[in-house]
Amino acid sequence: MDTVPTDEILHQLKRRCSILSGKPKRILLFGAPGCGKGTQSEWLNSELGLVHLSTGDILRSAIAQGSPVGVAAEKAIAEGKLIPDEVILTLVRKKFEEIGDAGFVLDGFPRTLNQAKGLDVILKDMRSEISCVLHLRVDDDTLIKRICGRRIHVPSGRAYHVDFKPPKVPDIDDITGERLVHRPDDNEESFVTRLNNYKKITQPVIDHYLSTGLLFQIDGSQSPDQVRKDIELLFQLGNVPEKGRSSV
Ligand code: AP5
Ligand code: MG
């Protein structure tokens, strides 16, 4: 079997990581329902200043406001079904126009190959590009436990968990003091539909990014802090100088 020289591996790793060092960071977060996309987006937003763009949060706000998009999407979301690509792409393009040149973390988008192609067009129009794609991997049994115990604060999208991340006061948001809710799609039946959609429709989208060399796998089954550390390590690797580093 041929072996790849260590220098070559280091070179490839540095080349891939150097993509991450460019600022502002433009990150795609992928992973099954409950893998921790929203949880990790919180610190990427509060500490790195990246705009958190979650299509799920946008749709839930639209439902809370009773807007036409929200009214049309409410039943499908509760049942765990996907919203049509045209609707999602229109919402996302509008958000991108609002955020301009800022760094961002995309959570829950793109979810179909059509959406991924639509994103390519939007980014090209904005003269922007993705700096990395993070795939948070978690096994199915862990996902269902996370989903069933989750409580959220709808206006901000903040997520809690009755066991893994309880709020200071049960059912109350730590920051605003407002009530937390149980998402209507956080039940076993909708979860199965969401997970099946993820495996059938969204996973092929990850393959779309394989060839870009920007895709990084993260073990999302660890504690939230450890997942965060792994992401931070990836970013630090992206900042290593080209010379003078003997190991990674
Ligand atoms: P969306 O809101 O995006 O839901 P999702 O992708 O199913 O993901 P979740 O929000 O459920 O999980 P998450 O990964 O954010 O996990 P979280 O951090 O909260 O979409 C909802 C619906 O909207 C879709 O089903 C669809 O109908 C529609 N939709 C949205 N986008 C669409 C699109 N692009 N196209 C078409 N339709 C679209 O964590 C989960 C729980 O676990 C929390 O309680 C958290 O505290 C806990 N937790 C997190 N990390 C850890 C950890 N490391 N250890 C222990 N507990 C943890
Ligand atoms: Mg989420």
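Our subject is the structure listed above.
Residue numbering note: each chain is counted from 1, following its sequence as written. Here every chain gets a letter starting at A, and every ligand a number starting at 1, in the order they are written. Local features are withheld for residues below a pLDDT of 70 in this predicted model, meaning they are given only at 70 or higher, and side-chain atom pairs are given and counted only at 80 or more; totals for whole chains, interfaces and linings count all residues. The side-chain values count all of the structure's non-hydrogen atoms but skip hydrogen atoms and water molecules.

Chemist: Lay out the environment of Gly36 with the relevant residues and their values.
Modeler: Secondary structure elements are taken from DSSP: a helix is a run of H or I of four residues or more, a strand is a run of E of two residues or more, and numbering for both begins at the N terminus. Mapped onto the elements of the fold, Gly36 is located in the loop between β1 (26–30) and α2 (37–46). A sequence separation of 185 residues divides Gly36 from Ser221, and the C-alpha atoms of the two residues are 8.9 Å apart. Note on contacts: a residue pair is in contact if any heavy atoms of the two residues lie within 4.5 Å. Not counting chain neighbours up to four residues away, the residues in contact with Gly36 comprise Leu136 and Arg146.

Chemist: Provide a residue-level description of the site of ligand 1, including the pertinent values.
Modeler: Close to ligand 1 lie 36 residues; Thr39, Lys81, Arg111, Arg150 and Arg194 are nearest. In the environment of ligand 1, an oxygen atom lies 2.8 Å from a nitrogen or oxygen atom belonging to the side chain of Arg60. Any pair of nitrogen or oxygen atoms within 3.5 Å is treated as a polar contact; in protein, a donor-acceptor pairing is required on top of that, and neighbouring residues in sequence qualify only through side-chain atoms on both sides. At 3.0 Å from an oxygen atom of ligand 1 is found a side-chain nitrogen or oxygen belonging to Arg183. Under the convention used here, a 1.4 Å probe and the Shrake-Rupley method define accessible areas, while residue burial counts only the protein chains that appear. Protein chains shield 96% of the accessible area of ligand 1, which is 1,100 Å² for the free molecule. Any residue with a heavy atom positioned within 4 Å of a molecule or strand is treated as near that molecule or strand.

Chemist: Lay out helix α6 (residues 113–125) in plain terms, naming residues and giving numbers.
Modeler: What a helix should span is 1.5 Å times the count of its residues minus one. For α6, which comprises 13 residues, the first-to-last C-alpha distance of 19 Å matches the rise-based estimate of 18 Å (1.5 Å per residue) to within 8%. Accessible area is worked out with a 1.4 Å probe on protein chains only. A residue is then buried under 20% of its type maximum, exposed over 50%, and partly exposed in between. Among the residues making up α6, those that are buried are Gln115, Ala116, Gly118, Leu119, Ile122 and Leu123. Buried positions in α6, seen along its axis, are confined to an arc of 160° and lie on one side of it. The inward-facing, buried residues of α6 contact β1, α5 (85–99), β3 (104–107) and α8 (188–210). In the stretch just after α6, Arg127 is the one whose phi turns positive, near 55°. Throughout, the arc means the angular range of directions from the helix axis out to the C-beta atoms.

Chemist: Can you explain the pairing of β3? Please cite residues and give values.
Modeler: Residues Phe104 and Leu106 point to one face of β3 and Val105 and Asp107 to the other, with burial holding for every one of them. Two elements, strand β2 (residues 51–54) and β3, share four bridges in a ladder whose sense is parallel. Residue pairing across strands places Val51 opposite Phe104, the latter belonging to β3. In this description, strands pair whenever DSSP reports at least two bridges between them.

Chemist: Can you lay out the packing of aromatic side chains for me, pointing to particular residues and giving the numbers?
Modeler: Aromatic pairs are defined between Phe, Tyr and Trp rings, using the six-membered ring for Trp, whenever the two ring centres lie within 6.5 Å; interplanar angles under 30 degrees are classed as stacked, those over 60 as edge-to-face, and all others as tilted. As enumerated under the stated definition, the model contains two aromatic pairs in all. Relative to Tyr209, the ring of Phe30 lies with its centre 5.9 Å away and its plane at 50°, an arrangement referred to as tilted. With Phe30 in strand β1 and Tyr209 in helix α8, this residue pair connects regions lying 179 residues apart in the sequence. The buried category is assigned to Tyr209, whose relative accessible area is 4%. Across the ring face of Tyr160, the terminal group of Lys165 is positioned such that the distance to the ring centre comes to 5.4 Å. Two conditions define a charge located above a ring, namely a distance within 6 Å from the ring centre to NZ of Lys or CZ of Arg, and an angle within 35 degrees of the ring normal.

These figures come from the coordinates and say nothing about function on their own.
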